[in-house]
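Fold and geometry: a report
Residue strings, one per chain:
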Amino acid sequence: MRKNTWFYREKTMKKLNNSLVPQQVIGSQMDVVEQRKLSSLIQAQEFFSAAAKRLLAVNEWGKISGLSDFKIFAPDGTEAIRSAQEGDFIRIDIPGPGPLSGGGFDWVKIEEIGSEHDGDQEIISMRVRPCPSPFNQDEQTAHFLKDHATSTFTIRRDRITVWAEEHGRNEVANTDEGNLIDRTRNLIVGFSAKLGLSYPQWKLLVKGLLDGRP
């Protein structure tokens, strides 16, 4: 009976994670994982809770990872000083020039946030997708990747082990939209990401989500 219960819980966790991580169809993919094993179940539960809060505290991502600057904007375009919610925009200021279509920034939209808690296992995931700037009316994707791409950020716990993960799917450089400057910039940044140069940055983030420091 215990084995069947474990199998059901594991299946539930995988189902939620798979529902938020799209199937890989085109372009590149990336999977970045970091884990911590705690000394007791109580410690692991508290550790997961703290990491889950950091996952949704997008405005703090730059501080805990030493990465680019991240800011949440509500669906109406106003800056939001709160935890992330579905429908929010995230403005990303990566090193170097940003796309003119995004006002000098890359933009993604939070498509879905999901969570599940089942006994000794729990998970929270957030999926984002490149999108136009909420301040631009021309509908051009303001990101170095096309809007086929997604990033799914996950915090999960299985008994006393906690993981932080980033899963990039369908990553293709956005070279079809915008002016020549934006297309050239997106080609360079997108090609760098394809070569794996973005992996160290996401690794810093998943470590920061777990440890709360860069």
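Here the residue index of a chain counts from 1 through its sequence in written order. Where totals are concerned, whole chains, interfaces and linings use all residues; where local detail is concerned, this predicted model gives features only for residues with pLDDT of at least 70, and gives and counts side-chain atom pairs only at 80 or more. Only heavy atoms go into the side-chain values, all of them from the structure, while hydrogens and water stay out.

In this section: the confidence of the model for the chain. Parts of the prediction with low pLDDT should not have their coordinates interpreted in detail. pLDDT: the predictor's confidence for each residue, scored from 0 to 100. Summarising the model, the chain shows a mean pLDDT of 85, and 83% of its residues fall at 70 or more. In this description, contact between two residues means that some pair of their heavy atoms is separated by no more than 4.5 Å. With pLDDT under 50 throughout, residues 1-10 is counted as low confidence; its partners more than four residues away or in other chains account for eight contacts.

Between any two strands, pairing holds if DSSP finds at least two bridges. Helix and strand assignments come from DSSP, with helices taken as H or I runs of at least 4 residues and strands as E runs of at least 2, each series counted from the N terminus. An order of E1-E7-E6-E5-E4-E3-E2 is seen for the seven strands of this open sheet, with the pairing classed as antiparallel. Edge strands, defined here as strands with exactly one partner in the open sheet, are strand E1 (28-37) and strand E2 (69-73). Along the sheet, successive strands turn relative to each other by an average axial angle of 20°, direction set aside. Here strand E3 (residues 89-93) runs beside strand E4 (residues 106-118); their pairing, made up of four bridges, is antiparallel. When the bridges of E4 are listed, Phe89 appears paired with Lys109. Seen against the sheet, helix H2 (residues 41-56) touches E1, E2, E4, strand E5 (121-130), strand E6 (150-158) and strand E7 (161-171) and runs at an angle of roughly 165° to E6. Along the sheet, helix H5 (residues 199-211) makes contact with E1, E6 and E7, crossing E1 at roughly 30°. Lines fitted to C-alpha atoms define the axes here, with helix axes fitted over just the stretch in contact, and angles between the N-to-C directions of these axes take values from 0 to 180 degrees.

Right, let's get into H5. A helix's residues, less one, multiplied by 1.5 Å, set its expected span. In this model, H5 (13 residues) spans 18 Å end to end at C-alpha, consistent with the 18 Å of a helix rising 1.5 Å per residue. Between buried and exposed lies partly exposed: a residue is buried under 20% and exposed over 50% of the maximum accessible area for its type, with that area taken using a 1.4 Å probe on protein chains only. Those residues of H5 not exposed but buried are Trp202, Lys203, Leu205, Val206, Gly208, Leu209 and Leu210. For H5, the secondary structure elements touched by its buried residues are E1, H2, helix H3 (61-65), E6 and E7. Among the residues trailing H5, Gly212 stands out with phi positive, at a value near 75°.

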